[in-house]
Structure formats: C-alpha cells, structure tokens
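Descriptive analysis of the structure
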Amino acid sequence: MSSAPVGSAPVLEMRHITKTFPGVQALQDVDLEVRAGEVHALVGENGAGKSTLMKILAGAQPRDTGDILLNGQPVHVDSPTQAMALGISIIYQEFNLVPYLNAAENIFLGREPRAAVPGFVDFGTMYRESQAIIDRLGVKLDARTPVNRLSVAQQQMVEIAKATSRRSSIIIMDEPSATLTDHELRSLFNLIRQLKADGVAVVYISHRLEEIFEICDRVTVMRDGKRIDTCDVNAVNRDDLIRMMVGRELTQMIPKQVAPIGEPVLELDGFGRTGALTNITLQVRQGEILGIAGLVGAGRTELARAIFGADPVDSGSMKIDGAAVHVRSPQDAIALGIGLVTEDRKGQGLVLGMAVRENITLANLRELATLNFINGRAEREVARKYVDDLTIRTPSVEQTVRNLSGGNQQKVVLAKWLYTKSKLLIFDEPTRGIDVGAKTEIYQLMNELTARGAAVIMISSELPEVLGMSDRILVMHEGRIAGELSRADATQEKIMHLATGGQAAA
Ligand SMILES: Nc1ncnc2c1ncn2[C@@H]1O[C@H](COP(=O)(O)OP(=O)(O)OP(=O)(O)O)[C@@H](O)[C@H]1O
Ligand SMILES: [Mg+2]
C-alpha cells in the first residue's frame, strides 16, 4: 500500500465552506485538506454534499462563505476558467461533453492547438494528441467519433481524458468509475497512480468502498452537509466508513424475502439478434427475481433492450402471461406491463426540468386521472410516498429534478417505474451510484414488488447483490446464456466461471 509523503504540506485547503440552496443546507462549515501526491477519497450518502463541495472548488458554483487556499495562499475560484488557470480540473458526475463535437474536440475544447494561419485550429495536432491520451488510457476509441455516438463508459473515458490532459495539480473525479468496465477501471487506476507519482492531488468520489481501499490514501467522510472526519485509509475498515456515513449500524444489507412463485410472466424462446444475442430461452415467473450476471459486454443490456422493444430482434418468440406477443417499441412493452429501468438513467429516464412529482407520475398519469382531470392531491401523495420510501433527499416533491444530487435523481427514476405497477420490471444495474444505506431500501422495494406478484429481472455486476436478491441466476457470456444457477447453488466463483466462458458443471 502506497501512501503520501508523510507530513507533506497541503496543496489545497478549503476552510469553513458553507452553501445553502432554497430549502437545503448543502454544506455547513466544511473543511477539506488535500496533499500533493495523495488520492483523497470523499464519501457520504446521496445528497451529503460531495458534488457541491467539488463544484465550488472547480468554480462551477459560488459558495456562501469560506476560503480556498492553494499552497497556503488564498485564491479566488469564481469561475471554471479561473479554476482551470489555477490548475484545478474536474470530471463531473453528470457529463459535461458537447454531444455533437467529437472526442478530440471535447478534450481540447477552449484550448485548441493553433495552426500557423491565425484563426485556424491545428486539427492534425489535436487528433494526434487526443488519440495519444486516449490510447494511454487503454480504451479502444477513435478520437474523431462524435460524442453522441459513444457509450456511457466511453463518454466517461473522454471526460477523464479531458481532465487529465491539462497540466493540473488537482484533479477531482466525481464518481468516475460508476459506468466503467473492469478493464477500464484498471486503466483508470493505473492513470491515477501515474498522476500520484507526478505529485498531482486527486480527489476521488465513489460509492464503491472497495475502490477507496484500493486506490486512496486518506478519506473524508461527509454526512448531511457536514464533514464527519478525515482519516488514513489504513486506519479504518469498511464498517467504520459505513457507520460514519450513515450515522448508525447497518445490519441487514440485503434483506431478501422469498415470495410465492406463480405463473410465468415472460417467456422467451430462441430470442436473438445477429451480432448481439443468440438463442436466448428463459422464463421469469410471478414473485420471482431472475438475476442476470455476466461481464460488461456480455449482452445483458442488449437483452433488456430487446425485451423492452428498444432494439429489434430477428429470431425467436416472446410470450407475456402465456400469450404470444410482438413488442416492436417501448410503447408496446409498456402497454403489456413491462418496465425497464435503464443503466443510463439520466439520459433515458428523466425530464430534468420537471418536478420530482411530475417525473414520478409521468408514466402512469392514467391512474391519477378521472375524466381527464389529474387529481393533484393524489399525485402529490403518490410522489410523497415514494420520496419517503426511497429516502429521496429533496426539500419538497415540487423540486426540479435537475437540482437533486446524482444518486437522488436515480431514485426518482426508480420511483417512476415502481409506480407504473408493471407486471414485469427489468432493472439494469439498479443500485449503481446509490449509497450503501439507500441500496437496502431499493432491495426492500423489490421485495414489495415480488410480494404483490410482479416478476423482476435484475441485471447487475455486483455479485453480492445478485447472490443476495435473486431466486435464480442466469449468467451471460458473449450474447448467450452460459448457464443457470439456483439460489441455493450459486456462488461468486461459479458465476465468474460461467461469465468468463467456462463450461457449466455437469
Ligand atoms: N442546484 C441546486 N439547487 C438546489 N439544491 C441543490 C442543488 N445542487 C445540489 N442541491 C442539494 O444539495 C444537497 C447536496 O447535493 P450534492 O449533489 O452535493 O450531493 P452528493 O453528495 O454529491 O450526492 P450523490 O452521491 O447522490 O451524488 C442535496 O440535498 C441536493 O439536493
Ligand atoms: Mg454527487
């Protein structure tokens, strides 16, 4: 385990930072001290204030009070441009890329290399240097690809390339790993080690505590807008961190309740699409949670999209409640009682400019309407119930979703789909970006779904969650089902064996 040079002076000090939004005290007298060459973790529950503190440091948000010092000198960080000039870079939790520009243009946005002819950009240099940065990150990606054609993970890598290509002394990474594959995560960690060796200070935000223990030197824990403590990572364990984050002991992390299993809700027979899915045959029953495990790229999201009608299929058949159906669009799927909580929740799940209440009830206004009038009070009550159940942190159900913290936005998407009362709900990475405490609440809601007879397909890369919540597990590999494991039989080792192309045991 490497650690920062002992006693090295702080490159950054934030002192007594306070920030209030209407109805929310986001930060209260927060101090943060970061040393050169250290990776400093910032952890806390959804809405604890992590992103707000970092946006203030990056000049993207004004603070109410408090001081920022770099190398002991007070500085003004009142705009992103100023922050950049001071050597502070940030990778935002919500990406900040320009969708119709390509990767290279995004990486060099605002500081394009100049050609000999005044007023012209030296595109040759820009592409060469961008490609070099991307290659060093170990990603397969052409720097000339427009950003709106990249996957979420690739966009994340462009964000990382953009932040690290500047000569920064402080790099803030706000949940950089949430969408990355294991391979990309390794590349990111190698990059972080290089940055560290160069004396760069990295602030690292993540809800995955194992990452904190792997890559970080010190950790600052936040709760309810306050700093709880800062400690050496070596001096604390996982339970200590969780206790500091949630302010109580978390006992039952995965509270599985087995529901009575009923009739098949969904049956697929020889379902496939050339190049993506081959011969998928499965069924999922009332009251059942079917876990789908596999490595990133194994075709799990493709399967979800195909069932939901978001992508076409060219072979096989599908039944809902025993009757053959043709799902040609998400509208068809929704009409049949199928819901999909996507991996890319911000892109596909929310109307950011609308209230929490409207987002939750949007997909199911029929339930609330009598004679075409929406019952406003009933709508608010429904929204309040989900805000309570999922502990969505918001001053009221009328808050614009854009103003919620990243994890709380994700909970709104979950609430929306839970409220549609679908008979089949497909969750693609349901707890990604969700803090440890709120994960348990999401599992409880899955229990409620199955208790009322709904069927659930849960795609997840978190093995403890797959093992803990599934009644049955399918493992996918290269677009096929590589094997099936019962709840009683499944272990991490067996899942990984199948996921990496190993044969099912006889
Ligand atoms: N622009 C805004 N307007 C109003 N409230 C805001 C705004 N930005 C953040 N907040 C509120 O400030 C609090 C802290 O939010 P912040 O985004 O800093 O949380 P976080 O720790 O990053 O959470 P997460 O883990 O979910 O990303 C939350 O209650 C959030 O709703
Ligand atoms: Mg955040």
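Residues numbered from 1 in each chain as written. Chains lettered and ligands numbered in written order. Predicted model: local features only at pLDDT ≥ 70, side-chain atom pairs only at ≥ 80, totals over all residues.

Side note on the overall build of the protein chain
On a plain count of helices and strands, the protein chain comes out with 18 helices and 22 strands. The globule rule puts the C-alpha radius of gyration for 506 residues at 23 Å, and the 24 Å found for the protein chain is close to it. Within the protein chain, counting contacts between residues at least 6 apart in sequence, those at least 24 apart form 68% of the total. (Helix = DSSP H or I, 4+ residues; strand = E, 2+ residues; numbered from the N terminus. Rg over C-alpha atoms; globule rule 2.2 N^0.38 Å. Contact = placed C-beta atoms within 7 Å.)

Re unusual backbone geometry
For Asp321, which is not glycine, the phi torsion reads 50 degrees and is therefore positive. Secondary-structure assignment places Asp321 in the loop between strand S14 (315-320) and strand S15 (323-325). Positive phi values are uncommon outside glycine, yet Glu429 reaches one of about 50 degrees. The class of Glu429 is buried, set by 24 C-beta atoms lying within 10 Å. (Buried ≥ 20, exposed ≤ 12 C-beta atoms within 10 Å, placed from the backbone.)

Overview of the nonpolar core
If you look at the biggest cluster of nonpolar residues, it comprises 72 residues, and the most contacted ones within it are Tyr386, Val412, Ala415, Ile426 and Val456. When sequence neighbours within four positions are dropped, the list of residues in contact with Ile426 reads Ala304, Ile307, Phe308, Gly339, Leu340, Val341 and Ile457. Counting 68 residues, the second largest nonpolar core, distinct from the first, contains Val39, Leu57, Met126 and Ile215. (Core = buried A, V, L, I, M, F, W, Y, C linked by C-beta atoms within 7 Å.)

Structural notes on helix H1 (residues 50-57)
Counting buried positions along H1 yields eight of eight residues, so the element is predominantly enclosed. Every buried residue of H1 is listed here: Lys50, Ser51, Thr52, Leu53, Met54, Lys55, Ile56 and Leu57. Taken from the residues just after H1, Gly59 is the one with a positive phi, measuring 75 degrees.

Re the site of ligand 1
Neighbouring ligand 1 are 20 residues; Asn46, Ser51, Thr52, Ser405 and Gly407 lie closest to it. When residues of the shell around ligand 1 are traced back to their parent elements, those giving at least two are strand S2 (24-35), H1 and helix H15 (406-419). (Near = placed C-beta within 6 Å.)

A closer look at the packing of helix H5 (residues 152-165) against helix H6 (residues 182-197)
Two elements in contact, H5 and H6, have axes separated by 12 Å at closest approach and are oriented at 10 degrees. Viewed along their axes, H5 and H6 adopt a mutual orientation that is roughly parallel. Here H5 contributes Ala153, Met157, Ile160 and Thr164 to the contact with H6, which in turn contributes Glu184, Leu188, Leu191 and Leu195. A class-by-class count of the residues in the contact of H5 with H6 yields six nonpolar, one polar and one charged. (Axes fitted to C-alpha atoms, helices over the stretch in contact; angles between N-to-C directions. Parallel < 35°, antiparallel > 145°, perpendicular 65-115°, else oblique. Nonpolar A, V, L, I, M, F, W, Y, C, P; charged D, E, K, R; others polar.)

Some thoughts on the sheet that holds strand S4 (residues 65-70)
Strand pairing within a sheet occurs via backbone hydrogen bonds; the two strands may be parallel or antiparallel. Taken together, four strands build an open sheet; the order of strands is S2-S1-S4-S5 and the sheet is antiparallel. Each end of this open sheet is capped by a strand with a single partner; those strands are S2 and strand S5 (73-74). Across five bridges, strand S1 (residues 10-21) lies against S4 in antiparallel orientation. Paired with Thr18 across the strands is Thr65, a residue of S4. (Pairing = 2+ DSSP bridges.)

Brief notes about the pairing of strand S12 (residues 277-285)
Pairing geometry for strand S11 (residues 264-273) and S12, over six bridges, is antiparallel. From the neighbouring strand, Glu267 faces S12, where its bridge partner is Gln283. Between S11 and S12, which pair antiparallel in sequence order, lie three residues; one of them, Gly275, sits at a positive phi of approximately 85 degrees.

Remarks on the environment of Met496
With respect to the element layout, Met496 can be found in helix H18 (residues 492-499). In this structure, the C-alpha to C-alpha distance between Met496 and Leu463, residues 33 residues apart in sequence, is 9.2 Å.

Focus: the sheet that holds strand S22 (residues 480-486)
Reading across from one edge, S16-S19-S20-S13-S21-S22 is the order of the six strands in this open sheet, with mixed pairing throughout. Strands with a single pairing partner mark the edges of an open sheet, and in this sheet they are strand S16 (338-341) and S22. Neighbour-to-neighbour, the strand axes of this sheet turn through a mean angle of 20 degrees, independent of strand direction. As paired strands, strand S21 (residues 472-477) and S22 are joined by six bridges and run antiparallel to one another. Counted as the bridge partner of Val475 is Gly483 from S22. Across the sheet, helix H16 (residues 436-451) lies against strand S13 (289-294), strand S19 (424-428) and strand S20 (455-459), angled at about 145 degrees from S20, the strand it touches most.

Topic: H6
Note: α-helices contain 3.6 residues per turn, so residues at a spacing of three or four share the same orientation. The first and last C-alpha atoms of H6 sit 23 Å apart over 16 residues, in line with the 22 Å expected at 1.5 Å per residue. Among the residues of H6, Glu184, Leu188, Leu191 and Ile192 are the ones counted as buried. Viewed end-on, H6 has its buried residues packed into an arc of 105 degrees, placing them on one side of the element. Facing away from the buried surface of H6 by more than 90 degrees, the exposed residues are Asp182, Arg186, Gln194 and Ala197. Those residues of H6 that are buried are in contact with strand S3 (39-44), H5, strand S8 (201-205) and helix H7 (209-215). A positive backbone phi angle near 85 degrees is found at Gly199, which sits one or two residues after H6. (Expected span 1.5 Å × (residues − 1). Arc of directions from axis to C-beta.)

Notes on the confidence of the model for the protein chain
Mean pLDDT over the protein chain: 88, with 93% of residues reaching 70 or higher. Counting contacts from residues 1-6, a segment whose pLDDT is below 50, to residues more than four positions away or on other chains yields seven contacts. (pLDDT = per-residue confidence, 0-100.)

Observations regarding the pairing of S8
It is a general feature of regular strands that their side chains alternate between the two faces of the sheet. By the criterion of burial, S8 is predominantly enclosed, with five of the five residues buried. Judged by which residues are buried, S8 turns out to be covered on both faces: Ala201, Val203 and Ile205 on one side and Val202 and Tyr204 on the other are all buried. Relative to S8, S3 runs parallel, the two sharing four bridges. When the bridges of S8 are listed, Ala41 appears paired with Tyr204. Two strands pair when backbone bridges link them, and strand S7 (residues 170-174) and S8 are joined in this way by five bridges, in the parallel orientation. Across the sheet, the residue bridging to Asp174 is Ile205, located in S8. In this fold, the crossover linking S7 to S8 by way of H6 has right-handed handedness. (Right-handed = clockwise from strand over helix to strand, strands pointing away.)

What about the environment of Leu362?
Examined against the element boundaries, Leu362 turns out to sit in the loop between helix H12 (356-361) and helix H13 (365-368). Along the chain, Leu362 and Tyr419 lie 57 residues apart, while their C-alpha atoms are 9.5 Å from each other.

Some remarks on the environment of Val30
Considering the arrangement of structural elements, one finds Val30 in strand S2. Taking the C-alpha atoms as reference points, Val30 and Gln93, 63 residues apart in sequence, are found 21 Å from one another. Beyond its immediate chain neighbours, meaning those up to four positions away, Val30 contacts Met14, Ile17, Leu53, Lys226 and Arg227.

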